[in-house]
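What follows is each chain in one-letter form.
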Amino acid sequence: MIAEVMAETADRMDRAVEAAKDDFATVRTGRANPQLFQKLNVEYYGTPTPLAQLASLNNPEARTIIVTPYDKSALKAIEQAIRDMPNLGVNPTNDGNIVRITMPELTEERRKEYVKLVRGKGEDAKVHVRGIRRKAKDDLDALKSEVGEDELVRAEKELDAVTRAHVDAIDDALKRKEAELLEV
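Note that the structure is predicted; figures quoted are calculated from it, not measured.

*Asks:* Give a description of the overall build of the protein chain that names residues and reports values.
*Replies:* Along the backbone of the protein chain there are five helices and six strands. In sequence order, the secondary structure elements of the protein chain are arranged as α-β-β-α-β-β-α-β-β-α-α. Rg of the C-alpha trace for the protein chain: 21 Å, well past the compact-globule value of 16 Å for 184 residues, more than 25% over. Sorting the 184 residues of the protein chain into buried and exposed places 38% on the buried side. Restricting to contacts in the protein chain with at least 6 residues of sequence separation, those with at least 24 account for 62%. For the protein chain, the accessible area works out to roughly 10,400 Å², and carbon and sulfur atoms hold 49% of it. Considering the protein chain, the positive charge centre built from 30 side chains and the negative charge centre built from 35 side chains are found 5 Å apart.

Quick look at the structure:
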């Protein structure tokens with residue numbers, strides 16, 4: 001029983017760390033990266049559709065991304081969704097076949113704003129991991145009548161170690177992203 005709770009908790013925490021890393025990838029650095037558009041939904045025939053399902057994304061140059069839609073009728077909707085995307089600050093151009101996005105150079109002030117944004121996302125991820133820990137602790141407490149006191153104490157120590165490891169993984173990813181953002 002305890003092993004099941006611990007395995008499920010570790011799995012959920014792993015997914016939370018991966019989600020945090022994916023979230024960090026959506027914050028732009030000085031380079032163009034197709035992952036920036038990973039969470040972008042485009043209004044396609046009245047339905048929000050992920051950009052990756054509507055178009056291919058290529059990165060031919062360091063600061064340019066080319067979006068080639070599979071359906072040319074979605075071109076205007078894709079261009080509008082990119083233009084409306086928060087925290088990006090780009091103006092896409094449409095030549096009738098593709099959408100070209102040129103990423104502007106980041107200013108020092110903008111880089112610091114992005115660092116604050118990433119820190120906020122990192123803190124949210126850590127809060128989520130702690131929430132998973134709290135639920136696991138409640139699950140362990142519910143097992144109190146079925147298992148011994150010593151086993152519960154051991155499981156709680158293991159739970160704390162797993163939580164600490166996952167919070168440290170989020171901190172490491174956060175430090176890497178901050179360094180990447182502040183690099184000129």
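*Asks:* Can you lay out the sheet that holds strand β6 (residues 99-102) for me, pointing to particular residues and giving the numbers?
*Replies:* Strand order in the open sheet formed by four strands is β3-β4-β6-β5, and the pairing between neighbours is antiparallel. The open sheet has two edge strands, β3 (55-61) and β5 (93-94), and neither has a second partner. Where strand β4 (residues 64-69) lies against β6, four bridges are found, and the strand directions are antiparallel. Within the sheet, the bridge partner assigned to Ile 65 lies in β6 and is Ile 101. Along the sheet face, helix α3 (residues 75-84) touches β3, β4, β5 and β6 and points at about 15 degrees away from the line of β6.

*Asks:* Could you give me a rundown of the pattern of salt bridges, with the residues and numbers involved?
*Replies:* Side chains that differ in sign of charge can pair as their charged atoms come close. Applying the stated rule across the entire model yields 15 salt bridges. Of the charged contacts in the structure, one is a salt bridge between Glu 178 and Arg 119, with a shortest N-O distance of 2.8 Å. Of this pair, Glu 178 sits in helix α5 (residues 149-182) while Arg 119 sits in helix α4 (residues 108-142), placing them 59 residues apart in sequence. Across the pair Arg 133 and Asp 160 runs a salt bridge, and its minimum N-O distance is 2.6 Å. Here Arg 133, found in helix α4, pairs with Asp 160, found in helix α5; they are 27 residues apart in sequence, far enough to count as distant. Taken together, the salt bridges that share partners define one network made up of Glu 123, Lys 126, Arg 130 and Asp 171.

*Asks:* I'd like a description of the pairing of β4, backed by residues and values.
*Replies:* With respect to burial, β4 is a largely interior element, five of its six residues being buried. Where β3 lies against β4, five bridges are found, and the strand directions are antiparallel. Its bridge partner being in β4, Glu 61 is matched across the sheet by Thr 64. Where β3 hands over to β4, the hairpin turn is made up of two residues, counted between the paired strands.

Thresholds applied
- Residues numbered from 1 in each chain as written.
- Predicted model: local features only at pLDDT ≥ 70, side-chain atom pairs only at ≥ 80, totals over all residues.
- Heavy atoms only, no water.
- Helix = DSSP H or I, 4+ residues; strand = E, 2+ residues; numbered from the N terminus.
- Rg over C-alpha atoms; globule rule 2.2 N^0.38 Å.
- Buried < 20%, exposed > 50% of the residue type's maximum accessible area, 1.4 Å probe, protein only.
- Contact = heavy atoms within 4.5 Å.
- Areas by Shrake-Rupley, 256 points an atom, 1.4 Å probe, with all protein chains shown as cover.
- Lys, Arg positive; Asp, Glu negative; His and termini not counted.
- Charge placed at Lys NZ, Arg CZ, Asp CG, Glu CD.
- Pairing = 2+ DSSP bridges.
- Axes fitted to C-alpha atoms, helices over the stretch in contact; angles between N-to-C directions.
- Salt bridge = Lys/Arg side-chain N within 4 Å of Asp/Glu carboxyl O.

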